Amino acid sequence: MVILLPYEPLSPIRWHNGQVELIDQTRLPGELVVIRPRTVEEMWDAIKRLKVRGAPAIGIAAAFGLYLAVRDSRAASRAEFESELKKAANYLTTSRPTAVNLFWALRRVEAAVADAPTDNVAALKEIVLREALTIRDEDEATCRAIGHNGAPLLEELEAVLTHCNAGTLATARYGTALAPVYYLASRGKLLKVFADETRPLLQGARLTAWELHQAGIPVTLITDNMAAAVMSKGLVQAVIVGADRIAANGDVANKIGTYGLAVLAKEHCLPFYVAAPASTFDLSLKSGEEIPIEERDAAEVTHFGLKPIAPAGIDVFNPAFDVTPNRYVTAIITEKGIIRPPYQENIPRVLQGINFNGA
Ligand SMILES: CSC[C@H]1O[C@H](OP(=O)(O)O)[C@H](O)[C@@H]1O
């Protein structure tokens, strides 16, 4: 039975009975499987293989990964402990390069340890865990705020188009791009969502369609090449997506295919909204040209699971993200409010007081 809100969207990551629990998103939509990484290596693998995915969720997972790395540490001093922590952080940064939340979360945990008024290693271990839990809980509140702030932009609309999964599964809970959708639904306004399947890993088909259907929110699945037709037929009145890294000028890195959607939205005079927490902004980068774009295994493109859908040995280009220039972005919805152009000056104004360094 599909349950209408006030349905509490599920959380893909939690700390329970002394263990971190993840929904293994590679098993959805067919199976809801919970995994419990026990080592930093298992957490690295979970991030790399998108068992946990989505910029905020990746940051939260990395923070818990640091705790898994040091929980059994036998360090004899603060210096030795911090060295082990740094080694684990460096290792986790090699999992996926684009979502800046991962780097931000790691720096936050390291800073919490550096600022701790104790050299007791047992106490420092506890501080690592406490910071990971805080990062997770803060993200849930952040997503709620994004939902509240974004709702007025969508409440008069009938339907929106979204890409990939920037829903509850990509965060601690509620999502970013889908947070306003959940917010409106909990107040009786059921916005229709058209979800791009999002080749090659199908986060839209497997995850967005699944989580919205579970919540009783009307969702229509389309293939990526249907987006233009959906817009030209007036089936949607806006596009809303998440982000993995936003540069100081408002250029946005997000799942591959986002840039094309933004161009289509402009062509059809539709607003193109990006929803993201402050932890997704990287003001050290002047523009999106500097954002590292993850390239993934060719098999993700040439195969559906184990079934080949392309000739063996064919050349493949498989960037997991692209960059949407700021001129295509109507507004950026954050937990601190709506950011509109000119982004260079309005990002620091709206996000004033935020510590972007994670430290
Ligand atoms: C709320 S961030 C979601 C963001 O992350 C996704 O990428 P991936 O599934 O590879 O982790 C996609 O870019 C989403 O927009």
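Residues numbered from 1 in each chain as written. Predicted model: local features only at pLDDT ≥ 70, side-chain atom pairs only at ≥ 80, totals over all residues. Heavy atoms only, no water.

Here the focus is the site of the ligand. Around the ligand, the surrounding shell holds 18 residues, and the nearest of these are Arg53, Arg96, Asp244, Asn254 and Lys255. One nitrogen or oxygen atom from the side chain of arginine 53 is found 2.8 Å from an oxygen atom belonging to the ligand. Aspartate 244 is positioned such that a nitrogen or oxygen atom in its side chain is 2.5 Å from an oxygen atom of the ligand. Among the elements of the structure, helix 2 (55-70) and strand 9 (252-255) are those that each provide at least two residues to the shell around the ligand. Class assignment of the residues belonging to the shell around the ligand gives a composition of eight nonpolar, six polar and four charged. Mapping the shell around the ligand onto the domain boundaries places at least three of its residues in each of domain 1 (13-139) and domain 2 (146-350). (Near = heavy atom within 4 Å. Polar contact = N/O pair within 3.5 Å; in protein donor to acceptor, adjacent residues only side chain to side chain. Helix = DSSP H or I, 4+ residues; strand = E, 2+ residues; numbered from the N terminus. Nonpolar A, V, L, I, M, F, W, Y, C, P; charged D, E, K, R; others polar. Domains from an automatic or database assignment.)

Next up on the list: the packing of aromatic side chains. Throughout the structure, instances matching the rule amount to four aromatic pairs. Ring plane angle 20° and centroid distance 5.8 Å describe the contact between tryptophan 44 and tyrosine 91, whose orientation is recorded as stacked. Linking tryptophan 44 in helix 1 (residues 40-48) with tyrosine 91 in helix 3 (residues 78-92), this pair joins segments that are 47 residues apart in sequence. Among the residues examined, tyrosine 91 registers a relative accessible area of 29% and is labelled partly exposed. Put simply, the rings of Trp15, Phe64 and Tyr67 pair up and form one aromatic cluster. Over the ring of tyrosine 183 we find arginine 187, and its NZ or CZ is 3.7 Å from the ring centre. Positioned above the aromatic ring of phenylalanine 321, the side-chain terminus of lysine 255 is 4.2 Å from the ring centre. (Phe/Tyr/Trp six-rings, centres within 6.5 Å; stacked < 30°, edge-to-face > 60°. Buried < 20%, exposed > 50% of the residue type's maximum accessible area, 1.4 Å probe, protein only. Lys NZ or Arg CZ within 6 Å of the ring centre and 35° of its normal.)

This part covers the sheet that holds strand 1 (residues 13-16). With antiparallel pairing, the three strands of this open sheet are ordered in space as 1-2-3. The open sheet terminates on both sides in strands that have one partner only, identified here as strand 1 and strand 3 (34-35). As paired elements, strand 1 and strand 2 (residues 19-23) share four bridges and run antiparallel to each other. Counted as the bridge partner of histidine 16 is glutamine 19 from strand 2. Against the sheet, helix 2 contacts strand 1 and strand 2, and its axis sits at roughly 30° relative to strand 1. (Pairing = 2+ DSSP bridges. Contact = heavy atoms within 4.5 Å. Axes fitted to C-alpha atoms, helices over the stretch in contact; angles between N-to-C directions.)

Cross-referencing UniProt, the feature "active site" (unreviewed entry) maps to Asp244 in the present numbering. The topology assignment puts aspartate 244 in the loop between strand 7 (239-241) and strand 8 (245-247). Apart from residues no more than four positions distant in its own chain, aspartate 244 is found in contact with Ala55, Thr98, Ala99, Val100, Asn101, Ala253, Asn254, Lys255, Thr280 and Phe321. (UniProt positions renumbered as here; feature names shortened; annotations may be inferred.)

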